[in-house]
Amino acid sequence: MTLSPATRRAIGLVLLAVTMATACAFLGRWQWNRHVNRDAAIRLVQTNYDADPVPLAELLPDTNSALDPARVWHPITVTGRYNVDGTVLLRNRPVNSQPGFHVLVPLVSDDGATLIIDRGWVAWDQDASGEVTVPEPPAGQVTVTSRLRPQEAASTRGAPAGQVQSINVVQVLAAGDDATADAYSAYGALVSENPAPTTSLGALPMPSTDPGSHLSYAFQWWTFGIGALIGFGWMARREIRDERGIPRGPGVALGDLLPQEDGTVRVPRRRRVSDEDTEDALIDAQLP
C-alpha cells in the first residue's frame, strides 16, 4: 500500500509529537526527582540542625560504625585533645565568594578514637596568592560540640603538602602524617568548643534550604510535552483534511461536503470580491 505524501507528512508529525512528548515526560520526571531529593535534604537539615546535642557514642558507637543518613547534621559532643600537628587545610571551599581554607584538625577522644573536626575557615587573599595564618585550637582537654557529616568521596586531584581537596578521612589523616590513627568515617562540623580558643575561626555557614526551581522546571517540561502533542497533532490533522479536500474555514454548506455521484467531494472555491463587484452591488441597491 502506497501512502500519499500528505499521509506520510501526517505520520511524521505524529511520530515527532510522540517523540518530543516522551522526551519532555522523562525530563520532567528527572526534575521532579531532583525536587524530591532536594526537599528531603532540606527536611533533614530542618529536623537535625538545631537538635539537642547527644554523646558521640549514641550515633557512632565505634570507629567501624557508619553514620545513619537520617542523623546527618545532628549535633554531638565529644571530649578529647586536638592533634595540632595533624592540622590539614581543605582547598577550594570559598565562603560567600571569599577565597579561603577550611581547617581540619583530628580530635583524639578520651577512648583513643579520632574524629576529624572541621573547625571553621580562614580567609585567603582575593587573588589567592598569599600565606594564611591558622589560629590554634584550645590546648589540653576540650569538649567539642559539632554536627556530624558523612565523609566525602576521595579526591583524585593533587594538593600541596598539608592540604586536601575533599574531607575524606583517609586522605586527611595521610596529609597530616597520621595515617595509622583509628578514626571514625564521619567528621564533625564545629559548633562550639569548651574551653573556647583564644582566636576563633570563621564560622561555618548554614547549609542552604533553598528548594531551587526543580518543581517549576518539571511542570514546564510536562507542559511542553502536552503542547507538542496538541500542536503537531493539529498539523497532522490539517494535512489529512487538506488531502481530502475538506475546507478549513466556516461558511461551508453541508451539501458542499456530501459526496458527488462519482464519489468525490466538491470543494467550494471562494472567489475574491473585486472592486467592480462592490460597485455593482451598491448600484443595484440604489435602483428601485
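Only a predicted model underlies this, so the values are computations on that prediction, with no experimental measurement involved. (Residues numbered from 1 in each chain as written. Predicted model: local features only at pLDDT ≥ 70, side-chain atom pairs only at ≥ 80, totals over all residues. Heavy atoms only, no water.)

A.B. asks: Mind laying out the overall build of the protein, listing which residues take part and the relevant values?
C.D. replies: Of the regular secondary structure elements, the protein holds five helices and eight strands. Ordering the α and β elements of the protein from the N terminus gives α-β-α-β-β-β-β-β-β-α-β-α-α. Out of the 288 residues in the protein, the part that is buried amounts to 34%. Counting only contacts in the protein whose residues sit at least 6 apart along the sequence, the fraction spanning at least 24 positions is 65%. About 17,700 Å² of surface is accessible on the protein, with carbon and sulfur atoms providing 55% of the total. (Helix = DSSP H or I, 4+ residues; strand = E, 2+ residues; numbered from the N terminus. Buried < 20%, exposed > 50% of the residue type's maximum accessible area, 1.4 Å probe, protein only. Contact = heavy atoms within 4.5 Å. Areas by Shrake-Rupley, 256 points an atom, 1.4 Å probe, with all protein chains shown as cover.)

A.B. asks: I'd like a description of the nonpolar core, backed by residues and values.
C.D. replies: Within the largest apolar cluster, 29 residues are counted, with the highest numbers of intra-cluster contacts made by Leu 56, Ile 76, Tyr 82, Leu 115, Val 144 and Leu 148. Elements with a contribution of two residues or more to this core: helix H2 (56-59), strand E2 (75-82), strand E4 (100-109), strand E5 (114-123), strand E6 (141-150) and strand E8 (183-194). Sort the elements by how many residues they give to this core and E4 lands first, with four residues. If near-sequence neighbours (up to four positions away) are discounted, Tyr 82 is found in contact with Val 105, Pro 106, Leu 107, Ile 117, Arg 119, Pro 137, Pro 138, Val 142, Val 144, Leu 190 and Glu 193. Among the nonpolar cores identified, the runner-up in size contains eleven residues, and Leu 104, Ile 116, Leu 173 and Tyr 187 belong to it. (Core = buried A, V, L, I, M, F, W, Y, C linked by side-chain atoms within 4.5 Å.)

A.B. asks: Break down the side chain of Thr 114 for me, with residues and values.
C.D. replies: Tracing the backbone shows Thr 114 in strand E5. On the accessibility criterion, Thr 114 (3% relative accessible area) is buried. Apart from residues lying up to four places away in sequence, Thr 114 is in contact with Pro 106, Leu 107, Val 108, Leu 173, Ala 181, Asp 182, Ala 183 and Tyr 184.

A.B. asks: Give a description of helix H4 (residues 214-244) that names residues and reports values.
C.D. replies: The end-to-end C-alpha distance of H4, which contains 31 residues, comes to 45 Å, matching closely the 45 Å that a straight helix rising 1.5 Å per residue would cover. Among the residues of H4, His 214, Ala 218, Gly 225, Ala 228, Ala 236 and Glu 239 are the ones counted as buried. For H4, the elements touching its buried residues are helix H1 (5-48). (Expected span 1.5 Å × (residues − 1).)

A.B. asks: Run through the packing of aromatic side chains, naming residues and quoting values.
C.D. replies: Counted according to the given criterion, the structure contains four aromatic pairs. Aromatic pair Trp 32 and Trp 222: ring centres 6.4 Å apart, planes at 40°, arrangement tilted. Highlighted residues: Trp 32 in helix H1 and Trp 222 in helix H4, separated in sequence by 190 residues. The class for Trp 222 is partly exposed, based on a relative accessible area of 27%. Ring centres of Phe 219 and Trp 222 lie 5.6 Å apart, and the angle between their planes is 85°; this geometry places the pair in the edge-to-face category. Here Trp 222 and Phe 219 lie together in helix H4, a separation of three residues that amounts to about one turn. Classification of Phe 219 as partly exposed rests on a relative accessible area of 46%. Its end group placed over the ring of Tyr 82, Arg 119 keeps NZ or CZ at 5.6 Å from the ring centre. (Phe/Tyr/Trp six-rings, centres within 6.5 Å; stacked < 30°, edge-to-face > 60°. Lys NZ or Arg CZ within 6 Å of the ring centre and 35° of its normal.)

A.B. asks: Can you break down a nonpolar patch on the surface residue by residue, with the values?
C.D. replies: A surface patch of nonpolar side chains, amounting to about 450 Å² of accessible area, comprises Val 14, Val 18, Ile 226, Leu 229 and Ile 230. At the level of elements, H1 and H4 are the ones that each hand at least two residues to the nonpolar patch. The element contributing the most residues to the nonpolar patch is H4, with three residues. Its location among the elements puts Ile 230 in helix H4. Since its relative accessible area comes to 58%, Ile 230 is described here as exposed. (Patch = residues over 30% accessible without salt bridge, like charges linked within 9 Å, V, L, I, M, F, W, Y side chains within 5 Å. Salt bridge = Lys/Arg side-chain N within 4 Å of Asp/Glu carboxyl O.)

A.B. asks: An account of the confidence of the model for the protein is requested, with residue identities and associated values reported.
C.D. replies: Here the protein shows a mean pLDDT of 85. Residues at 70 or above account for 82%. Low pLDDT, under 50, characterises residues 251-255; the predicted model gives this stretch four contacts beyond four residues in sequence or across chains. (pLDDT = per-residue confidence, 0-100.)

A.B. asks: Residues and numbers for the environment of Leu 89, please.
C.D. replies: For Leu 89, the position within the fold is in strand E3 (residues 88-90). Excluding residues that lie within four positions of it along the chain, Leu 89 makes contacts with Phe 101, His 102, Val 103, Val 132, Val 134, Gly 162, Gln 163 and Val 164.

A.B. asks: Which residues make up the pairing of E2, and what values go with them?
C.D. replies: With two bridges connecting them, strand E1 (residues 54-55) and E2 associate as parallel partners. Note that in E2 the partner of Pro 55 across the bridge is Thr 77. Note that E2 and E6 share seven bridges and pair antiparallel. Looking at the pairing, Thr 77 lines up with Thr 145 of E6. (Pairing = 2+ DSSP bridges.)

A.B. asks: Talk me through a negative patch on the surface; I want residue IDs and the actual numbers.
C.D. replies: On the surface, a cluster of negative charge is contributed by Asp 62, Asp 110, Asp 111 and Asp 182. With respect to the helices and strands, Asp 182 occurs in the loop between helix H3 (169-175) and E8. Classification of Asp 182 by relative accessible area gives partly exposed; the value is 46%. (Lys, Arg positive; Asp, Glu negative; His and termini not counted. Charge placed at Lys NZ, Arg CZ, Asp CG, Glu CD.)

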